[in-house]
Amino acid sequence: MIRKEAIRLISKEIVDDVIVSANGYISRDLFEVGDKPTNFYMIGSMGLASSIGLGLALQNPKKTIYVFDGDGNILMNLGSLTTISKLKPKNFIHIIFDNSSHESTGGQPTSTNKISIDAIAKAVNFKVFRCNSKKNLDETFKKIKKMSGPIVILVKISKSEKISKRVSLPPKKIKSRFMKSLQS
Amino acid sequence: MKELTQKQIFDFLSNNGIENFIGVPDSTMKYFIDQGFKRKKVLITTREEEAIGISSGFALSKSNSLVFMQNAGFANSISTITSLVQLYEIPLIFLIGWRGYLKNDAPEHTKIGKIQPNLLKILDLQGKIITDKNWKASCNWALKKLANHESCALIIRRVFL
């Protein structure tokens, strides 16, 4: 399964709730397969999607906040897992697409072919799921929708051949329509 | 800065629309943070960038935040300020402890203490030095900035060793 397939599969299940997507190819794929005002594309500030998601989750308890993260991104901000765990937001779902590489900078390896991010998340008390196939991801996602967070889903993906286009919306537009969508 | 002033600053900001106080502790503002704990309004993070990220999530939900840190952490935060706070124009108040203000402060603070005023300037982050005398006017200035959807910094000088 490539990232874009996984993102397509999950994002079509997320109708009114919020997605915060990490910089790099994750935001690009999401923009291409399912652009919506409820998506916050974090195009800079690498590593911080889960932190932005935490602030949103705490202030919007009636919405579910989905963070679309990458292995490279979460490894830059592992402390975030401890902060999230300390606060236990029930509406926080952290989906980590793991291809063991920094794909958008040229495919350099991360350490996740030797260490398990899901084991780290488990150690700090997240409910943890690991998915290796589309079928598995589909079933897991349907299951977790009925559960309370914080939850980590580690989605093992392979590297992509095609690159999605850049997020063409100006950042201020991403923000303004996102903020408006939160009010409804 | 005096203990009483630090507590007054916390209460004033808290009573005037700042809902979240998020950051990494600094001994220069110990009493400010203690007051926040007493009021159950402080969140300590693992790094300063993380605090800015969480505060941004709150700001996108129209809940006002102050991010506190030492200037060592301010240096950590530069990329987050340029590529999140300024890129999306997210309004936040930064409260920054100025280590290295005194020439005989510990050696690890010397360089950052020296370049801090210029760092703020080249980042286009407007700041004011907050003191025992001007604290209320400085807080009001920062709150006004926030009301105009702008970020700004309040700086506490470290005047003891």
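About the criteria used
- Residues numbered from 1 in each chain as written.
- Chains lettered and ligands numbered in written order.
- Predicted model: local features only at pLDDT ≥ 70, side-chain atom pairs only at ≥ 80, totals over all residues.
- Heavy atoms only, no water.
- Helix = DSSP H or I, 4+ residues; strand = E, 2+ residues; numbered from the N terminus.
- Rg over C-alpha atoms; globule rule 2.2 N^0.38 Å.
- Buried < 20%, exposed > 50% of the residue type's maximum accessible area, 1.4 Å probe, protein only.
- Contact = heavy atoms within 4.5 Å.
- Areas by Shrake-Rupley, 256 points an atom, 1.4 Å probe, with all protein chains shown as cover.
- Lys, Arg positive; Asp, Glu negative; His and termini not counted.
- Charge placed at Lys NZ, Arg CZ, Asp CG, Glu CD.
- Pairing = 2+ DSSP bridges.
- Axes fitted to C-alpha atoms, helices over the stretch in contact; angles between N-to-C directions.
- Core = buried A, V, L, I, M, F, W, Y, C linked by side-chain atoms within 4.5 Å.
- Phe/Tyr/Trp six-rings, centres within 6.5 Å; stacked < 30°, edge-to-face > 60°.
- pLDDT = per-residue confidence, 0-100.
- Expected span 1.5 Å × (residues − 1).

Broken down by element type, chain B carries seven helices and six strands. In chain B, the succession of α and β elements from N to C terminus is α-β-α-β-α-β-α-α-β-α-β-α-β. Computed over the C-alpha atoms, the radius of gyration of chain B is 14 Å, within 12% of the 15 Å expected from 2.2 N^0.38 for a compact globule of 161 residues. In terms of its C-alpha atoms, chain B occupies a principal-axis envelope of roughly 45 × 35 × 30 Å. Looking at the 161 residues of chain B, the share that counts as buried comes to 58%. Nonlocal contacts in chain B, meaning residues at least 24 apart in sequence, comprise 74% of its contacts between residues at least 6 apart. By element, 53% of the accessible surface of chain B is carried by carbon and sulfur atoms, the whole surface being about 7200 Å². In chain B, which carries 21 positive and 14 negative side-chain charges, the distance between the mean positions of the two groups comes to 7 Å.

On to the sheet that holds strand β3 (residues 65-70) of chain A, then. The strands making up a sheet associate through hydrogen bonds between their backbones, and the pairing can be parallel or antiparallel. Residues and elements named next belong to chain A. With respect to topology, six strands assemble into an open sheet ordered β2-β1-β3-β4-β8-β7, the strand pairing being parallel. Bordering the open sheet on either side are β2 (39-41) and β7 (127-131), each of which pairs with just one other strand. On average, each strand axis in the sheet is inclined to that of its neighbour by 15°, with strand direction left out of account. Contacts between helix α1 (residues 3-11) and the sheet are confined to β1 (18-21), β3, β4 (92-98) and β8 (151-156), with β4 contributing the most and set at about 160° to the helix.

Here the focus is the nonpolar core. Judged by nonpolar contacts, the single largest core of 82 residues is most densely connected at Phe68(A), Ile95(A), Phe97(A), Ile153(A) and Phe94(B). Of all the elements, helix α3 (residues 48-60) of chain B adds the most residues to this core, at six residues. Not counting the four nearest positions on each side in its chain, Phe68(A) is found in contact with Ile7(A), Ile10(A), Ser11(A), Ile14(A), Ile19(A), Val20(A), Ser21(A), Ala22(A), Ile26(A), Leu30(A), Ile95(A) and Phe97(A). Counting residues in each nonpolar core, the second largest holds 25 residues, with Met1(B), Ile18(B), Leu95(B) and Ile156(B) among its members.

Now for the packing of aromatic side chains. Following the criterion strictly, the structure yields ten aromatic pairs over all chains and no others. Between Tyr66(A) and Phe141(A) the ring centres are 5.6 Å apart and the planes differ by 40°, which places this aromatic pair in the tilted class. With Tyr66(A) in strand β3 and Phe141(A) in helix α7 (residues 134-144), this residue pair connects regions lying 75 residues apart in the sequence. Accessibility expressed as a relative area gives 1% for Phe141(A), which makes it buried. When the ring of Phe10(B) is compared with that of Phe21(B), the centres are 4.2 Å apart and the planes differ by 35°; the resulting orientation is tilted. One end of the pair, Phe10(B), is in helix α1 (residues 3-15); the other, Phe21(B), is in strand β1 (residues 20-23), with eleven residues separating them in the sequence. Assigned by exposure class, Phe10(B) and Phe21(B) land together as buried.

Looking at chain B, pLDDT values average 97 and 100% of them are 70 or higher. Among the scores for the predicted complex, ipTM is 0.97 and pTM is 0.97.

Every α-helix carries 3.6 residues per turn, so stepping three or four residues along brings you back to the same face. Residues and elements named next belong to chain B. For α1, which comprises 13 residues, the first-to-last C-alpha distance of 18 Å matches the rise-based estimate of 18 Å (1.5 Å per residue) to within 8%. On its buried face, α1 sits against β1, α2 (30-38), β2 (42-44), β3 (65-70) and α7 (135-147). Downstream of α1 by a residue or two, Gly17 has a phi angle that is positive, lying close to 100°.

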